[in-house]
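Architecture and fold: a report
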Amino acid sequence: MSLQPDSTPDTDTGTFNNQEHPKTNNLFKESFLRILKSKTSVIGLCIIIILLLTALLAPLIATHSPTDQSIVNRYQPPSVDHWLGTDELGRDIFSRIVFGTRISIQIGVIAVGISMIVGVTLGSIAGYFGRWIDMIIMRVIDIMLAFPSVLLAIALVTILGPSLRNAMIAVGIVGVPQFARLVRSSVLSVKETEYIEASKAIGARNLRTLFGHILPNCLAPIIVQMTLGIGTAILDAAGLSFLGLGAQPPTPEWGAMLSDGRAALQNAPWVVAFPGVAIFLFVLGFNLFGDGLRDALDPKLKD
Amino acid sequence: MLKYIIRRLVMLIPVLLGVSILTFSLVHLIPGDPAKSMLGEKATETQLELLREEMGLNDPYIVQYGNFIGKILQGDLGESIQSKEDIAVEIAQKLPATIELTIFAMILAMVIGILAGVIAAVKQYSWFDNVSMTGALFGVSLPIFWLGLMMIWVFAVELKILPPSGRLASTVELETITNFYLLDSILSGNWGAFKDAFFHLLMPGLALGTIPMAVIARMTRSSMLEVMGQDYIRTAAAKGLKKQLIIFQHALKNAFLPVLTIIGLQFGFLLGGAVLTETIFSWPGIGRYVYQAVLARDYQIVQSTILIIATIFVLVNLLTDILYKYFDPRIKYE
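Presented here is a report on the structure given in the accompanying data block. (Residues numbered from 1 in each chain as written. Chains lettered and ligands numbered in written order. Predicted model: local features only at pLDDT ≥ 70, side-chain atom pairs only at ≥ 80, totals over all residues. Heavy atoms only, no water.)

Let us now look at the overall build of chain A. Helices and strands together make up the secondary structure of chain A, namely 13 helices and zero strands. For chain A, buried positions account for 52% of its 303 residues. (Helix = DSSP H or I, 4+ residues; strand = E, 2+ residues; numbered from the N terminus. Buried < 20%, exposed > 50% of the residue type's maximum accessible area, 1.4 Å probe, protein only.)

Written out as structure tokens, the structure reads:
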């Protein structure tokens, strides 16, 4: 799928008209060069890459099994054998955090995926067709926004039943309004452009105009929202697991690990401390990268 | 202005109606029999039937909703399925604790956030700008439940300078008038209790206020930077006005509008975050109340409390809009 279907690809992308603002017709290449200029977003990107590698190579990186229990070894402080100490069942915290990366990435991708698919569909239908469809969809979105998001997620998990899967669904649903509003406003502005008029003039059907021509031109804000949304989704899902409404034991989910360590805060603070640092780094990585991405893709900054 | 407020209040009716339908539907969306999931598998058929009758689950959906709304309009939020307590009474008792906590957190967030944002913008690229904005970036990425627990560990367990939980030490006596402890202690002139209540508020307030603080600081900075580049600021400086006057009177006043929007939205975050914060600090507010109800599967409490919290949030957003018009009279609403 081409990002700018009505532009001819620039074959001479190696030279820039201006060193400060590289001009190419490739949105990805141009944005990528912009991102590399920002120190913070490069740091964010590095954190994300490290986390992805950790998730991918978890069995190689982990020093112990994430679920092996050893009651004699419970609440061991950080040591050479257990880098980040052990928890109340003698499980190695470092290994659990390493395997937890897989779960967190899964949560982020699935929850944001749900928000994105539902939100983009609703938002583009509302923006493109307008009138009563728009009114109904946006009123429902308004009502969803009347609930504080964490609370709505808690309510949804209460209905669906506590589990990691349901927590992901709940967090995903709670994120729908952001996407819907964002996409609706983008669609509204793209809809008025001349190439959409041209598309209609040659007899393209609504669905083709919408998904083939309008949506590809709304991609930038959607990508930014997805990146920033992953951070929020991880925080919310970890909060749910912390409350016992998300991942259930013995899943090495970071929020649930934190919750397990609460009782021993006085004697074994490392059980609580390290999973929290992992959540923080994960969210920070996506926030830094998302911020940079927004600056890079912001049409206002483009010349 | 009055006409505008009245019109906005009328416009609230459909939103609140939608909110009530959604909260009402929550209990009815529970897969299977709500009565069974509340009483557990061991309940006898008679017990189940009794509860269904009591909750009106045997009536048609629309009749149930009508009864639900009718009761709420009379201030009846139903009773707890387990303890039979009147939920309206419980909420009235616990709500001040939550409001005190959220307002305290918001004041902390606003004072520190706006000040940091203004200084960072005025001294752009200085060490203060770098440090505070890095701090703000870290702040928005922090899980507040973790932050709360780390604070308890450092300030209550290790340093022993702040109380780990609750609203007031058991040794301190306070005559409760409004249930806002800070206010009550001032009203009764009990300064010992004021100090104790204040110290109890510090950690939960700071934990809850960190994310809004970071968001407000970032917003203030970018909004101030935009305003500081305007011609009228240059004119004010050319006239020889004092720098403080220009910053706070001319610039901040104009930069405040986007910040105000963010503050209104962050209030929703505070109300949601209160569930986590109150749970960690054993704060006897409605956040902990709703959480305990979730664990106990007392859906009646969950339903009523969520409805109340959503209503508060809707009203706060309305207040933000009204303030918006107050701060910027140019804005016309049709």
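And the narrative resumes.
Let us look at the pattern of salt bridges. Per the counting criterion, the structure on display carries 13 salt bridges over all chains. Residues A:Asp142 and A:Arg139 are paired through a salt bridge, measuring 3.2 Å at the closest nitrogen-oxygen approach. You can see A:Asp142 and its partner A:Arg139 sitting in helix α5 (residues 131-145), three residues apart, about one turn around the helix. On the basis of relative accessibility, which here comes to 42%, the residue A:Arg139 falls in the partly exposed class. With its nearest N and O atoms 3.6 Å apart, the salt bridge here joins B:Arg234 to B:Asp231. Linking B:Arg234 with B:Asp231, this pair stays in helix α10 (residues 231-238), spanning three residues, or about one helical turn. B:Asp231 matches B:Arg234 in its accessibility class, with the two residues each being exposed. Residues participating in the shared-partner salt-bridge network are A:Asp87, A:Glu88, A:Arg91 and A:Arg96. (Salt bridge = Lys/Arg side-chain N within 4 Å of Asp/Glu carboxyl O.)

Right, let's talk about empty space enclosed by the protein for a bit. Throughout the structure, instances matching the rule amount to two cavities of 30 Å³ or more. As a volume, the largest cavity reaches approximately 70 Å³. What lines the largest cavity is a set of ten residues, and nearest its centre among them are A:Thr158, A:Ile159, B:Leu26, B:Tyr299 and B:Val302. Only α6 (149-160) of chain A together with α1 (2-29) and α13 (299-327) of chain B provide two or more residues apiece to the lining of the largest cavity. (1 Å grid on protein atoms, 1.4 Å probe; cavity = no way out; pocket = protein on both sides within 12 Å on 5 of 7 lines; lining within 4 Å. Points joined across faces, edges and corners; volume = space filled by probe spheres on them.)

We now examine the interface of chain B and chain A. Taken residue by residue, the interface counts 40 residues in chain B and 34 residues in chain A. Where chain B packs against chain A, one counts one salt bridge. At the junction of chain B and chain A, the tally comes to six residue pairs in polar contact (both at pLDDT 80 or more). Where the side of chain B that touches chain A is concerned, the elements lending two or more residues are α1, α6 (127-140), α7 (144-158), α11 (243-280), α12 (286-295) and α13 of chain B. For the side of chain B that touches chain A, the residue count by class is 33 nonpolar, six polar and one charged. (Contact = heavy atoms within 4.5 Å. Polar contact = N/O pair within 3.5 Å; in protein donor to acceptor, adjacent residues only side chain to side chain. Nonpolar A, V, L, I, M, F, W, Y, C, P; charged D, E, K, R; others polar.)

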